[in-house]
Amino acid sequence: MTIDYLYHLGLDSGMNLQGMFGDVRLVIMGGSKERALMIARQLTTDNTTLPKPIGRTDRYHIYKVGSCLSVSHGMGAPSISILLHELYKLLFVYAKTEAEFVRIGTSGGIGIEPGTVVITTESVNERNEAKQDLCILGRLVSRPTYLSPELIDKLYNISTSLAIPCRKGKTMSCNDFYESQARMDGAICNYTKEDREEYLNRLAGYGVLNIEMEGVAFAAFCFEKKIKCCMITTVLLNRLNGDQVKAELSMIGALQVLLRYVEESMTRSKEDH
Ligand code: URA
């Protein structure tokens, strides 16, 4: 390959990627471009200029603020997986840096009240297995999921110190928002209210605290590439009480914890120099 096109990012290896990204130490990933911008704005000390995305913006938005990237990953495993492949090559191969990855988002709680922050200790698939099943060359490939205990503890300690309601535990990742998450408000629903309740209670019995859509792909990729990573989400609703997400409850709790983490890591890295 003379030039490697990181197609979905609109960047390529012919650019000075080391000059542009060589100082990146932390990547924060959230679902939408609005969240990526909002996080970038929170990270910047310059309130006069709006952060500008780097590269193509039809799929993902990447903002750089000092040594942090704020990136949108879209919805679901396929979307985050494409981003992870290209971001890994961008940072670890071409920019020759090493960064921690943190996914911040929202989730549906199982017996957990809206607004609570969940820090994931184990990311499981829809069968309660801590692995991602992929089909590669027509064959099943299973990859373990991994989240860094060190980062989990740091984020949990911060949330305790800020008195933000927070739980540590298992998160289930689904490949769909409706049927896989046992919702009854999608366009297709071939199960009963009793089936739904039995399933959600079974998840609670497995120790699942919340459900989202990207954790397994994220944690399996990071395991494979040995990237330090963690996931923090704010619960939007308690699924034991219903299915409908009425309004976008802000990620405020998770964001406060993450911003404090960024502040502490930046201070630490300045002291190390
Ligand atoms: N994200 C999900 O995937 N599910 C929810 O219930 C809420 C947010």
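You'll find the structure just up there.
This structure is a prediction, so every number in the text was calculated from the model and none was measured.

Thresholds, definitions, all that
Along each chain, residues carry numbers from 1 onward, in the same order as the chain's sequence is written. Under the rules for a predicted model, residues below a pLDDT of 70 receive no local features and side-chain atom pairs below 80 are neither given nor counted, while totals for whole chains, interfaces and linings still include all residues. Hydrogens and water are ignored here; the side-chain numbers use all heavy atoms of the structure. Proximity is defined per residue: any heavy atom of the residue falling within 4 Å of a molecule or strand makes that residue near it. Polar contacts, as used here, are pairs of N or O atoms within 3.5 Å; protein pairs need one atom able to donate a hydrogen and one able to accept it. Residues neighboring in sequence count only if both atoms are side-chain atoms. The Shrake-Rupley method, run with a 1.4 Å probe sphere, supplies the accessible areas, and residue values consider only the shown protein chains as cover. A helix here means a DSSP run of H or I that spans at least four residues, while a strand means a run of E at least two residues long, and both kinds are numbered starting from the N terminus. Residue type decides the class: Asp, Glu, Lys and Arg count as charged, Ala, Val, Leu, Ile, Met, Phe, Trp, Tyr, Cys and Pro as nonpolar, and the leftover types, Gly among them, as polar. Here the term buried applies to any residue with accessible area under 20% of the maximum for its type, exposed to any over 50%, and partly exposed to those in between, with areas from a 1.4 Å probe on protein chains only. Candidate patch residues must exceed 30% relative accessible area and have no salt bridge, after which like charges are joined if within 9 Å and Val, Leu, Ile, Met, Phe, Trp or Tyr side chains if within 5 Å. The salt bridge criterion pairs a side-chain nitrogen of Lys or Arg with a carboxyl oxygen of Asp or Glu, the two atoms within 4 Å. Take the buried Ala, Val, Leu, Ile, Met, Phe, Trp, Tyr and Cys residues and link them wherever side-chain atoms come within 4.5 Å; each set so joined is a nonpolar core. Residue contacts follow a heavy-atom distance rule, with two residues in contact if any of their heavy atoms lie within 4.5 Å. Working definition: a ring pair exists when centres of Phe, Tyr or Trp rings (six-membered ring for Trp) sit within 6.5 Å. Plane angles under 30 degrees give stacked, over 60 give edge-to-face, the rest tilted. The criterion is that NZ of a Lys, or CZ of an Arg, lies within 6 Å of the ring centre and within 35 degrees of the ring normal, and then a charge sits over that ring.

Asker: Explain the site of the ligand to me, and be specific about the residues and the numbers.
Answerer: In the neighbourhood of the ligand, the contacting residues comprise Thr106, Ser107, Gly108, Phe177, Gln181, Arg183, Ile211, Glu212, Met213 and Leu237. Note that an oxygen atom of the ligand is positioned 2.7 Å from one of the side-chain N or O atoms of Arg183. The protein chains hide 92% of the 240 Å² of surface that the ligand would expose on its own. Mapped by element, the contributors of at least two residues to the shell around the ligand are strand E6 (100-109) and strand E11 (208-212). If one sorts the elements of the shell around the ligand by residue count, E6 sits on top with three residues. Along the lines of polarity and charge, the residues of the shell around the ligand split into four nonpolar, four polar and two charged.

Asker: Explain the side chain of Ser123 to me, and be specific about the residues and the numbers.
Answerer: Within the secondary structure, Ser123 is located in strand E7 (residues 117-124). You can call Ser123 buried: its relative accessible area is 1%. In terms of polar contacts, Ser123 uses its side chain to reach the backbone carbonyl oxygen of Gly215, at 3.3 Å. One polar contact links the side chain of Ser123 to the main-chain amide nitrogen of Val216, over a distance of 3.2 Å.

Asker: Can you explain helix H6 (residues 215-225)? Please cite residues and give values.
Answerer: Given 3.6 residues per turn, any residue in an α-helix points the same way as the ones three and four places further on. Of all 11 residues in H6, eight are buried; the element is thus mostly enclosed. Looking one or two residues beyond H6, the residue adopting positive phi is Lys226, at roughly 55°.

Asker: So what's going on with a nonpolar patch on the surface? Residues and values would help.
Answerer: A cluster of nonpolar side chains, Ile3, Tyr5 and Tyr7, forms an exposed patch at the surface whose accessible area comes to about 350 Å². Examined against the element boundaries, Tyr5 turns out to sit in strand E1 (residues 5-6). The class for Tyr5 is exposed, based on a relative accessible area of 58%.

Asker: Explain the nonpolar core residue by residue, including any values.
Answerer: Among the nonpolar cores identified, the biggest contains 61 residues, and Val27, Leu87, Leu91 and Phe101 are the most heavily contacted of them. Sort the elements by how many residues they give to this core and helix H3 (residues 77-94) lands first, with nine residues. Once residues lying within four places of it in the same chain are set aside, the contact partners of Phe101 are Val27, Met29, Leu84, Leu91, Phe92, Phe218, Cys222, Ile227, Lys228, Cys229 and Cys230. Listed in part, the 10 residues of the second largest apolar core include Ile110, Val124, Leu203 and Ile211.

Asker: Go over the packing of aromatic side chains with me, naming the residues and quoting the values.
Answerer: In this structure the tally under the stated criterion is four aromatic pairs. Judged by centre distance (4.7 Å) and plane angle (10°), the rings of Tyr88 and Phe92 are stacked. Residue Tyr88 and its partner Phe92 are both found in helix H3; the two are separated by four residues, about one turn of the helix. On the accessibility criterion, Phe92 (18% relative accessible area) is buried. Ring geometry for Phe177 and Tyr178: centres 5.1 Å apart, planes at 80°, overall edge-to-face. Given the relative accessible area of 36%, Tyr178 is considered partly exposed. Put simply, the rings of Tyr88, Phe92, Phe101 and Phe221 pair up and form one aromatic cluster. Here the guanidinium or amino end of Arg183 rests over the ring plane of Phe177, the centre of that ring lying 3.8 Å away.

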